[in-house]
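Listed below are the residues making up each chain.
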Amino acid sequence: MAHRLPSGGLVIDRSKPVEFTFNGQKLKGFEGDTLASALLANDQVLLGRSFKYHRPRGLIASGAEEPNALMGVGEGPRFEPNQRATGVELHQGLTARTQNHWPSLGFDVGALNSWIASRAPVFSAGFYYKTFMFPRVAWKHVFEPVIRRAAGLGKPPKEADADEYEHFHVHCDVLVVGGGIAGLSAARAAAANGARVLICEQTPHWGGRALVETETQIGGMSGADWVRGEVTALSGMENVTMRTRCMTSGLYDHGYALLYERVADHVPGAEGTPRHRLWRVRAGRIVVATGALERPIPFANNDVPGVMLASAVRDYVRLWGVAPGEKAVVFTTNDDAYRTALALHEAGVAVAAVLDARAEVKGELPARARAAGIEVRAGYGVAKVKGGKRVKGVEIGRLTGMGQVGGRREELACDLVAMSGGWSPVVHLWSHCGGKLTWDAEAAMFRPDPERGPTGHDGAVNTLACGAANGYLHTDLCLSDGRVAGMSAASATGHSRGEMPEAPEVQAIPQAHPRPLWFMPARGKYAHGTKHFLDYQNDVTAADVQLAAREGYESVEHAKRYTTLGMATDQGKTSNINGLAILADQIGAEIPQVGTTTFRPPYTPISFGAITGRARGPLFKAVRKTPMHDRHAANGADFEPVGDWERPYCFRRMTPEGRESRAQAVTREILNARQKVGLLDASTLGKIVVKGPDAGKFLDLVYTNMMSTLKPGRCRYGLMCNENGFLFDDGVVVRTGEDEFLCHTTSGGADRVHAHMEEWLQTEWWDFQVYTQQVTDQWAQVAVAGPNARKVLEKLGGVDVSDAALPFMSYVEGTLGGLPARIFRISFSGELSYEVAVPANLGLALWEKLAEAGEEFGAMPYGTEALHVMRAEKGFIMIGDETDGTVTPQDLALGWAVSKKKADFIGKRAQERAFLAAKGRKQLVGLATEDPAEVLPDGAHAVKEVKAKSRMITIGHVTSSYFSPTLGRSIAMALIEGGSERMGEVLSFPVAKDKVVKATVVDPVFYDKEGERQNV
Amino acid sequence: MKRYSAFAIAKEALGYHVGWERAWGNPEPKPEYEVVIVGAGGHGLATAYYLAKNHGITNVVVLEKGWLGGGNTGRNTTIIRSNYLQDPSAEIFELSRRLYEDLSQKLNFNIMFSPRGVLMLAQTEHELRAWERTAHANRLFGIESEMVTPERIKRIVPIINIEGPRYPVLGGLWQARGGTARHDAVAWGYARAASDLGVDIIQQCEVTGIDRDEHGVTGVRTSRGAIRCKKLCIVVAGHSGVLADMAGFRLPVESVPLQALVSEPIKPCIDCVVMANTVHGYMSQSDKGELVIGGGADGYNAYTQRGSFQHVEETVRALTETFPMISRLRMLRQWGGIVDMTGDRSPIISKTPVPGIFINCGWGTGGFKAIPGSGWAMAGLVAKGEDPVAGPFSLDRFTEGRMIDESVAAAVAH
């Protein structure tokens, strides 16, 4: 029985009891407990069910590598599935539930799978690729739904997250990952030399294994005391930042690191703190001091609750004062696990025997165990574990030369098996960004190859591994390796004062080499490895890996994907090395030839909340607002997103019958602008200043038409094509000075156009003397459009806006109604129209002045929809409607805006290609429906011939379609094959299954063809 | 080839599965083949399979420098749909989708095609119009695809937030017969079936050079020796430019890393594929329970098949906004794959300037869904010198300006 020891537990505070709930049962623990240690203290050893077989599972580990004890923690908007109990700090009121079982943890129907598999292993690796194929429909309707329900782990959260998250952006010289003795030494050495150091540790405690290995002395004191001293020293240094509960999740190119700080998981809902904080760090050098993980041993039934990693067993004893059982058997391939036997013995837990796979056992740790009266059996191993929901005993026997358990079997009663298959350095971070590994056969581990580390922007290795992560498992080597790494990292970032912190004296017990042991088949049905679990969570056994190899899935990546080895939430921390060793053995290759699978970020899973940070709700893609935005809102505006902007779609007024509909509002706005005058907030229009002696030359290349000949004070409508000759943006270009142009772009296209200009300037025409600057936000702009437009401006006064002084397509600066303004006489509505721009901070004042001055002339604001309809009435194109990336200016009858004189412009050569110059291309036309009340749907296609069913050959499509209040009928624009030749032809548009709309091809300019209204 | 079935599994289970044969052979390369295919991804393997199956050409080898299916076939987010706007795209993607429907049965390998539906959200008026246009085109073409209302979207995907506020869902384009499949299984299934028809698949065999004379291609040089051939297919997404360079011609493609990630597995919560192009993210749930999430392409050319963070952040933000309940779920793994991007974002299935050399590349972000159709068309092209489905995707469209541009529909990804 697992229980809390009467004393001990370095990290718990026995004076502070904590209550929590587990599967509805109220339990007690102490502050400092993890959920795992507290459960163990309450003799809860059955903590979950496995993925495939639903086998009962308990704790294997005490840290990040735990594959089994996954739980749903929290309630409601703070519920979170799949939490590792070993990583959850206990707090008052915590609720935890086990998952993946039905109806209960103790009795799970899914365990039927396990029963079937025990008769015949039908659920072998990849079995689902070989069946569930007949009948075909059954996959969608029967097999897949059943599989999906059975798979998955925890339940999905139902509610939106109650917590907040934030990001930190940090630069440092040296990032030290890991707060064990190697990391602390590295940080100390780097900091002593003046480097800015950031050191982070994923657990709440500094010191790593030094806290547990009490027989080791550093500098004449216990590991824990030495750590305390180092932490005190470091925290007193200005150039050092320290964080616990902060896991380095991934290393990316050029020293970019992502850190995941769990600020408030242990105090949920704490005021004023985010739950998680994502650190986005750019480090000069990175020191990886991430330690090592112990490997399980694949023997039969190595997954029964009560089988644990030896190091985890002593963690529970020494850190949390918990005995995971009453009587233990230790099974090891190395000296290290003897520490567990000694720790248990010290704590009063009986140790039935230490089984050591090595034929000869000599070292000092075994000697101490023997001296303590613990039976040590050399050359022995576990044949199988007995028990279902808890270990009842083990069958043991002698190891044969082949690594099997043979000979006479004995049975030892126990409720705890502590296993140790040796240690694997945590090389994940080292590998994320291309660091290579080398196989150390003697130590039986992959370790970082320092010659082939990840490189930074200058090609130099920018990451250093040290300590156990570097393959050094002994305390003195960890300390010195850390110091050297810290020194080198500091020096590489320009900090070398020649400070070498004094090396503390270490008293540690030397250890003999381990005997690698990857697979422990026993006799009979246990000879096949079907109960020898490698990946506990995904239920991958040694037999599965062997089967994969047999079937030709010999690449380590194939074997992984075929068996799902290492694909669980622990990403194979305890299983990958054992698995690839079995694979190597099966295909007769050496371990390093097989290699590892790719390590990918994150090291342990990080929350989507943390990745999202503050960018939620109103801060998700912050809305760009014009200076008049709030006024529009007060005026009843219905907004629509346009790029990052919100623009009024229309302004819905209150009428005696209630608030106008959108359609009513749009109609009113259009008629008012056509008959009186309308005001449009045009501030979102992109504005780019192009300035310099070569500005004209540059714009001649960027636009299809000639801009260098434009006279100062004049405006010209310009088109921009991409390299493929297709139109991608348009707008009015204004020459504001001899060497200065203001280029208007579409609202959504401003950033794209600016980037396009800069790309050409920086990569192709870097010798041009031109600067570009986007000033979209710097100016607020209002279009005053309608027959009364001039009167409104004249009432404001200060600038002569008569046709003589300011003719169509010209521009003037002045003081309008007391505001410094730029006035452009341009029109997108076809009406007499001025666009008035003022510095953005005066935008609201301008709007209010115009509204006030316009009142007597019937001025009303109008929105984007009225704008769209009015431009369509005039046959003006809209980028994104009439263009779609495949349309040339010529297709839109805008050939007049494509210079024939210029030697070159972007898209010119492309437009000369056969297909672009061919006859019969889709061309812009107008459409008049037979029934003037019928509005063609947007995107409807015209067909060559109407047929009863598909397929019908299409000849073009509707690009814009509206009901025109001005004309009292529907209008549409379309791109139709050979359209210009089809004037008067009636086309058929099958708009629905049994509905065909007929429309006549007409000129796309529906209103004021001569353009008289804008020229008054 | 021993057939796979529930019966076969039961029988083999009694013997602890020692009786299974290799899924595909492991032969030594022969000195000469009629057709050499470089690249054992989905497209290359499907090409080999249909060469043998449809055209009886079995003297074929597929060369792979790493492990088969290890490129984008094993890295994508497995979306299958065919509701494309342009006719040539609709043609090949619909052929592909139809082939996927009974591919498990044809290959006798469960590739887990799951026609659970693909939903493409419209979150701006512009996007709505673009999908409407596509829906019209699809209906006239004969592809089942329809516009759905926000209310229907909420019923299809209860976890979605259709209210915005930033980009409320205005509607969507729904293809009920689109879905997902198990990506690795597609490669393995084709490999096994092709191998069974006599095709050699050689892994760990890197092509280091291409030999040609005045008449065209004569063979390839590889890390396992020279191999002569009459015809050569280059099907190496991500490295197409490198192989084309060996053959002595240039391609209008750029290679960029594309980002993807998965969450930890949870019980089923989303029953279709959702693509949100305005906010830029797409998501489905694998049979194992992981949320499979596609991100954007990095803004620079590279060959590193690595995850970067910027697009992961952008995508996760978008999806947290679209599906607020995912905030407390966790990212399990992120990775990158190298995709070839063409100028019009449509693929190239074509003869090349070198007689005897054919190329299949440029699938950009949408290649997985096309694997069966692409292999089918490529095999036709190689066997007969022309293929009606492959035709429009020829290389000369770039010199003629005959683009097949799907970005029309404002789509950031296929």
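Our structure's up above, just so we're on the same page.
This write-up is about the structure you can find in this document. These numbers were taken from a predicted model, which means no experiment stands behind them. (Residues numbered from 1 in each chain as written. Chains lettered and ligands numbered in written order. Predicted model: local features only at pLDDT ≥ 70, side-chain atom pairs only at ≥ 80, totals over all residues. Heavy atoms only, no water.)

**Thoughts on the overall build of chain A**
Phase 1: Broken down by element type, chain A carries 24 helices and 55 strands.
Phase 2: Based on the C-alpha atoms only, the size of chain A along its principal axes is roughly 110 × 75 × 60 Å.
Phase 3: With 1016 residues in all, chain A has 64% of them scored as buried.
Phase 4: Here the analysis covers contacts within chain A between residues at least 6 apart in sequence; of these, 66% occur between residues at least 24 apart.
Phase 5: Element-wise, carbon and sulfur atoms account for 52% of the exposed surface of chain A, whose accessible area totals about 37,300 Å².
Phase 6: When the 114 basic and 116 acidic side-chain charges of chain A are each reduced to a single mean position, those positions are 5 Å apart. (Helix = DSSP H or I, 4+ residues; strand = E, 2+ residues; numbered from the N terminus. Buried < 20%, exposed > 50% of the residue type's maximum accessible area, 1.4 Å probe, protein only. Contact = heavy atoms within 4.5 Å. Areas by Shrake-Rupley, 256 points an atom, 1.4 Å probe, with all protein chains shown as cover. Lys, Arg positive; Asp, Glu negative; His and termini not counted. Charge placed at Lys NZ, Arg CZ, Asp CG, Glu CD.)

**A closer look at the pattern of salt bridges**
Phase 1: What the rule picks out here adds up to 98 salt bridges over all chains.
Phase 2: Across the salt bridge formed by Asp173 of chain A and Arg196 of chain A, the nearest N and O atoms sit 3.6 Å from each other. Taken together, the residues Asp173 of chain A in strand β9 (residues 165-177) and Arg196 of chain A in the loop between α4 (181-192) and β10 (197-200) connect sequence positions 23 residues apart.
Phase 3: Accessibility expressed as a relative area gives 11% for Asp173 of chain A, which makes it buried.
Phase 4: Judged by its relative accessible area of 42%, Arg196 of chain A falls in the partly exposed class.
Phase 5: Here Lys995 of chain A ties to Glu934 of chain A by a salt bridge, and the two come within 2.9 Å at their closest N and O atoms. Residue Lys995 of chain A is located in strand β55 (residues 995-1002), and its partner Glu934 of chain A is located in the loop between β50 (922-929) and β51 (941-943); the two are separated by 61 residues in the primary sequence.
Phase 6: One salt-bridge network, held together by shared partners, links Arg78, Glu80, Asp161, Asp163, Arg262, Asp265 and Arg275 of chain A together with Glu264, Arg328 and Arg330 of chain B. (Salt bridge = Lys/Arg side-chain N within 4 Å of Asp/Glu carboxyl O.)

**Here's the deal with the environment of Gly296 of chain B**
Residues and elements named next belong to chain B.
Phase 1: Residue position: Gly296 is located in strand β15 (residues 291-297).
Phase 2: Residues Gly296 and Thr365, spaced 69 residues apart in sequence, show a C-alpha to C-alpha distance of 8.8 Å.
Phase 3: Not counting the four nearest positions on each side in its chain, Gly296 is found in contact with Pro257, Leu258, Gln259, His280, His311 and Thr315.

**Notes on a nonpolar patch on the surface**
Residues and elements named next belong to chain A.
Phase 1: Residues Trp102, Phe107 and Val109 make up a contiguous nonpolar surface patch of roughly 380 Å² in combined accessible area.
Phase 2: With respect to the helices and strands, Phe107 occurs in the loop between β8 (94-98) and α2 (112-119).
Phase 3: The exposure class assigned to Phe107 is exposed, which follows from its relative accessible area of 56%. (Patch = residues over 30% accessible without salt bridge, like charges linked within 9 Å, V, L, I, M, F, W, Y side chains within 5 Å.)

**Topic: the sheet that holds strand β20 (residues 327-332) of chain A**
Residue and element names in this part refer to chain A.
Phase 1: Within the open sheet, the 5 strands sit side by side as β18-β26-β20-β21-β22. Their pairing is parallel. Edge positions in the open sheet fall to β18 (307-309) and β22 (376-378), since each of these has one partner strand only. Sheet twist, expressed as the average angle between the axes of neighbouring strands with direction ignored, equals 20 degrees.
Phase 2: In terms of strand pairing, β18 meets strand β26 (residues 416-420) through 3 bridges, oriented parallel. In the sheet register, Val307 faces β26, and the bridge partner there is Val417.
Phase 3: Along the sheet face, helix α6 (residues 310-320) touches β18 and β26 and points at about 85 degrees away from the line of β18. (Pairing = 2+ DSSP bridges. Axes fitted to C-alpha atoms, helices over the stretch in contact; angles between N-to-C directions.)

**As for the environment of Ile266 of chain B**
Phase 1: Tracing the sequence through the fold places Ile266 of chain B in the loop between β12 (253-263) and β13 (273-276).
Phase 2: Spatially, the C-alpha atom of Ile266 of chain B lies 6.3 Å from that of Glu290 of chain B, the residues being 24 residues apart in sequence.
Phase 3: Here Ile266 of chain B is in contact with Pro81, Asn82, Gly152, Leu153, Gly154, Lys155 and Pro156 of chain A together with Gln285, Gly289 and Leu329 of chain B, once residues within four sequence places are set aside.

**Things to note about the interface of chain A and chain B**
Accessible area lost upon the coming together of the parts is a frequently used measure of interface size.
Phase 1: Tallying the contact residues gives 127 residues for chain A and 110 residues for chain B.
Phase 2: Carbon and sulfur atoms supply 55% of the area buried between chain A and chain B, which totals about 10,100 Å² over both sides.
Phase 3: For the chain A face of the interface with chain B, the top three residues by lost area are Tyr129, Arg148 and Phe608 of chain A, together amounting to 9%.
Phase 4: At the junction of chain A and chain B, the tally comes to 15 salt bridges.
Phase 5: Its salt-bridge partner being Arg330 of chain B, residue Glu80 of chain A comes within 2.1 Å of it at the nearest N-O pair. (Buried area = accessible area lost by both parts, 1.4 Å probe.)

**Some remarks on the pairing of strand β18 (residues 357-361) of chain B**
Residues and elements named next belong to chain B.
Phase 1: With respect to burial, β18 is a largely interior element, 5 of its 5 residues being buried.
Phase 2: Relative to β18, strand β11 (residues 225-234) runs parallel, the two sharing 3 bridges. In the strand pairing of β18, Leu232 is matched with Ile357.
Phase 3: Where strand β17 (residues 348-351) meets β18, 4 bridges bridge the pair, whose relative direction is antiparallel. The partner of Ser350 across the bridge, within β18, is Ile359.

**Description of helix α20 (residues 789-796) of chain A**
All names here are of chain A.
Phase 1: Residues Ala789, Arg790, Val792, Leu793 and Leu796 constitute the buried set of α20. On an axial view of α20, the arc spanned by its buried residues comes to 160 degrees, and they lie on one face.
Phase 2: Buried positions along α20 lie against β39 (677-681), β45 (779-785), β46 (811-816), β47 (819-824), β48 (833-839) and α21 (843-854).
Phase 3: Trailing α20 by a residue or two, Gly797 shows a phi angle of about 75 degrees, which is positive. (Arc of directions from axis to C-beta.)

**Side note on the nonpolar core**
Phase 1: The biggest cluster of nonpolar side chains holds 194 residues, and the ones touching the most others in it are Leu35, Met71 and Phe299 of chain A together with Tyr100, Ile111 and Tyr190 of chain B.
Phase 2: Considering every element that reaches this core, the biggest residue donor is helix α7 (residues 183-196) of chain B, with 8 residues.
Phase 3: Sequence-distant contacts of Phe299 of chain A, defined by excluding residues within four places in its chain, comprise Val307, Phe331, Val382, Val385, Val417, Met419, Met520, Lys531 and His532 of chain A. (Core = buried A, V, L, I, M, F, W, Y, C linked by side-chain atoms within 4.5 Å.)

**Some words on the side chain of Thr47 of chain B**
Phase 1: Tracing the chain through its elements places Thr47 of chain B in helix α2 (residues 42-55).
Phase 2: Look past the residues within four positions of Thr47 of chain B in its chain and what remains in contact with it is Ile37, Gly375, Met378 and Ala379 of chain B.

**Brief notes about the sheet that holds β46 of chain A**
Sheets are built from strands paired through backbone hydrogen bonds, the pairs being either parallel or antiparallel.
Residue and element names in this part refer to chain A.
Phase 1: Pairing within the open sheet is mixed, and its 6 strands lie in the order β46-β47-β48-β45-β39-β49. Sheet topology places β46 and β49 (859-861) at the edges, where each strand pairs with a single neighbour. Recorded for the sheet is a direction-independent mean angle of 25 degrees between the axes of neighbouring strands.
Phase 2: One ladder, built from 4 bridges, connects β39 with β45; its direction is antiparallel. Counterpart to Asp681 in the pairing with β45 is Val782.

**Notes on the side chain of Asp163 of chain A**
Phase 1: If you trace the backbone, Asp163 of chain A turns up in the loop between α3 (136-150) and β9.
Phase 2: Looking at Asp163 of chain A, its side chain comes within polar contact range of the side chain of Arg78 of chain A, at 2.8 Å.
Phase 3: Filtering out sequence-adjacent residues up to four positions away, Asp163 of chain A remains in contact with Arg78, Gly269, Arg275 and Arg616 of chain A together with Arg328 of chain B. (Polar contact = N/O pair within 3.5 Å; in protein donor to acceptor, adjacent residues only side chain to side chain.)

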